[in-house]
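Take a look at the letters that make up each chain.
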Amino acid sequence: MKAYDFIQVLWVEDDPVVIEAYPLDAEEYGLELVSFPCWDDAKAALERDYDRWSGIILDAKCKHHRDSADNAIKFLGEALKDISKLSEKNDHIIPWYVLTGGDESEVSDSINDDRLQWDKDWTDSENKKYYSKNVDNENLYRRIRYHAYKSPRIQIQEMYRHVFQAVEECGIDDNGYNALEDLLVPIHFPKNIKDKDYNNKFEKAREVLEYIFQSMASYGILPDWDKKVNFQWSICLLSGMSATIKDEKGKEKVVIECKKQVLSPVLKETLRGMSIIIPPFCHSDKKGEISKIKKEEYLKSVDNSTLLLKSFVFQLCDLILWYRKYLKENGDYEQNAANWEIKDHKTAKVRSRNGSK
């Protein structure tokens, strides 16, 4: 996901005249209507980037498949069933609205009551479950905007706008953006998640770090391990320490030599702590495990507090802001890559700039 200038609304509509006219009016309300001609295409967009969308508009007399006939009952039945499944899979529902030029008898019976979660006051005041084209458009746009700004994700994007802007400017993958959102939302909207479930999100913190490291690799700040980022070695190199292994005799062998500490002293210590704690906290404690870092043991000692992970989330935000500033002053790939040197290519498993290993 990325930050958009307008609230993103997925719109299922196949009338070219309507598709051309409505988006301009919607922009006045801060909405961008992105049209899809059939439910198959719209569903694919939802599956591809669910968190992009803050609202869904369904034209009742639209098509299920590209080659289907317009059929309100069939279309709405399939679309609303899929929306329900996707909302369950993604742990939150996107408010949806039916905007149609059809008559009530064609539409109302096919609209289920899920919408009452956000749209009950519309039904109570207007005595209908849908919005009429050319009559209710402005009311609909206002309501979508209102409900979107009540969305925890929209509020988090606004609250941490400078952080998410930095995510985009640094070219950090959308999955990193989404993982950071997943960590921030429960901090400010804790009612929808149990402490135990939040404490199962240490893997999300690791994801954010790894996507930051992937971005750094694209600028030469770190070696490029492709999608299997070497978590520990990345932190070593940023902290001014060479990446090493022990040989058969137990002697330390340098795999990638570090020539410069990139991180500030504070961030070096912050990342060092995360590098020790996060990996073992990404899974349940196992019997016989050598590590002294035990997740269940620690959480039990602090009454299952979520504060450790929350503190890591804020530290990650600082790291992203630091990274943006550092990148503005150190954007040259070759100069960045001169800060480290591979001594053992076979062990390092690093890709070259052209993509080969």
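Residues numbered from 1 in each chain as written. Predicted model: local features only at pLDDT ≥ 70, side-chain atom pairs only at ≥ 80, totals over all residues. Heavy atoms only, no water.

Asks: Before we move on, can you summarise helix α7 (residues 152–159) with the specific residues and values?
Replies: Considered for burial, the residues of α7 that qualify are Arg153, Ile154, Ile156 and Gln157. Around the axis of α7, the buried residues are gathered within 160° of arc, so they sit on the same side. Buried-residue contacts for α7 involve α6 (137–150), α8 (161–169) and α9 (174–188). (Buried < 20%, exposed > 50% of the residue type's maximum accessible area, 1.4 Å probe, protein only. Helix = DSSP H or I, 4+ residues; strand = E, 2+ residues; numbered from the N terminus. Arc of directions from axis to C-beta. Contact = heavy atoms within 4.5 Å.)

Asks: Lay out the packing of helix α11 (residues 202–218) against helix α13 (residues 265–281) in plain terms, naming residues and giving numbers.
Replies: How two helices pack is summed up by the angle between their axes together with the distance between the axes. Where α11 contacts α13, the two axes come as close as 9 Å, and the packing angle between them is 130°. In this view, α11 runs oblique relative to α13, as classed from their interaxial angle. In this structure, the crossing between α11 and α13 has a hand that is left-handed. Contact with α11, carried on its side by Phe202, Ala205, Arg206 and Leu209, involves Leu271, Met274, Ile278, Pro279 and Phe281 of α13 and no other residues of that element. Residue classes in the contact of α11 with α13 are distributed as eight nonpolar, no polar and one charged. (Axes fitted to C-alpha atoms, helices over the stretch in contact; angles between N-to-C directions. Parallel < 35°, antiparallel > 145°, perpendicular 65-115°, else oblique. Left-handed = near helix turned anticlockwise from the far one by under 90°. Nonpolar A, V, L, I, M, F, W, Y, C, P; charged D, E, K, R; others polar.)

Asks: Which residues make up the pattern of salt bridges, and what values do they have?
Replies: Scanning the entire structure with this criterion turns up 26 salt bridges. Among the ionic pairs, Arg161 bridges to Glu158, the shortest N-O distance being 2.6 Å. Between Glu257 and Lys343 there is a salt bridge, with the nearest N and O atoms lying 3.3 Å from each other. Of the two residues, Glu257 sits in strand β7 (residues 252–258) while Lys343 sits in the loop between β8 (340–342) and α17 (345–348), which places them 86 residues apart along the sequence. For Glu257, a relative accessible area of 28% gives the class partly exposed. Taking the relative accessible area as the measure of exposure, Lys343 reaches 45% and is therefore partly exposed. Because the salt bridges share partners, they merge into one network encompassing Asp51, Arg153, Glu181, Asp182 and Lys204. (Salt bridge = Lys/Arg side-chain N within 4 Å of Asp/Glu carboxyl O.)

Asks: Describe the confidence of the model for the protein, with residues and values.
Replies: Of all residues in the protein, 95% have pLDDT values of 70 or greater, and the mean over the chain is 90. At the level of individual helices and strands, the protein shows its lowest average pLDDT in helix α4 (residues 104–107), which scores 69, and its highest in helix α15 (residues 307–329), which scores 97. (pLDDT = per-residue confidence, 0-100.)

Asks: Tell me about empty space enclosed by the protein, and name the residues and values.
Replies: Per the stated rule, a full pass over the model turns up one cavity of 30 Å³ or more. One number sums up the size of the largest cavity: a volume of about 30 Å³. Ile221, Leu237, Cys258, Lys260, Val262, Asn339 and Trp340 are the residues that line the largest cavity. When grouped by side-chain class, the residues that make up the lining of the largest cavity number five nonpolar, one polar and one charged. (1 Å grid on protein atoms, 1.4 Å probe; cavity = no way out; pocket = protein on both sides within 12 Å on 5 of 7 lines; lining within 4 Å. Points joined across faces, edges and corners; volume = space filled by probe spheres on them.)

Asks: Which residues make up the side chain of His64, and what values do they have?
Replies: Its location among the elements puts His64 in the loop between β3 (55–58) and α3 (72–89). Among the residues examined, His64 registers a relative accessible area of 11% and is labelled buried. Here the side chain of His64 touches His65 through a polar contact of 3.3 Å, side chain to side chain. If we skip the residues at most four places from it in the chain, His64 touches Cys38, Trp39, Asp40, Lys74, Phe75 and Glu78. (Polar contact = N/O pair within 3.5 Å; in protein donor to acceptor, adjacent residues only side chain to side chain.)

Asks: Tell me what's going on with the packing of α7 against α8, and back it up with residues and numbers.
Replies: In the contact formed by α7 and α8, the axes pass within 5 Å of each other and the chain directions differ by 85°. It follows from the interaxial angle that α7 and α8 lie roughly perpendicular. Contact residues: α7 offers Ile156, Gln157, Glu158 and Met159, while α8 offers Arg161, His162 and Phe164. Class assignment of the residues belonging to the contact of α7 with α8 gives a composition of three nonpolar, two polar and two charged.

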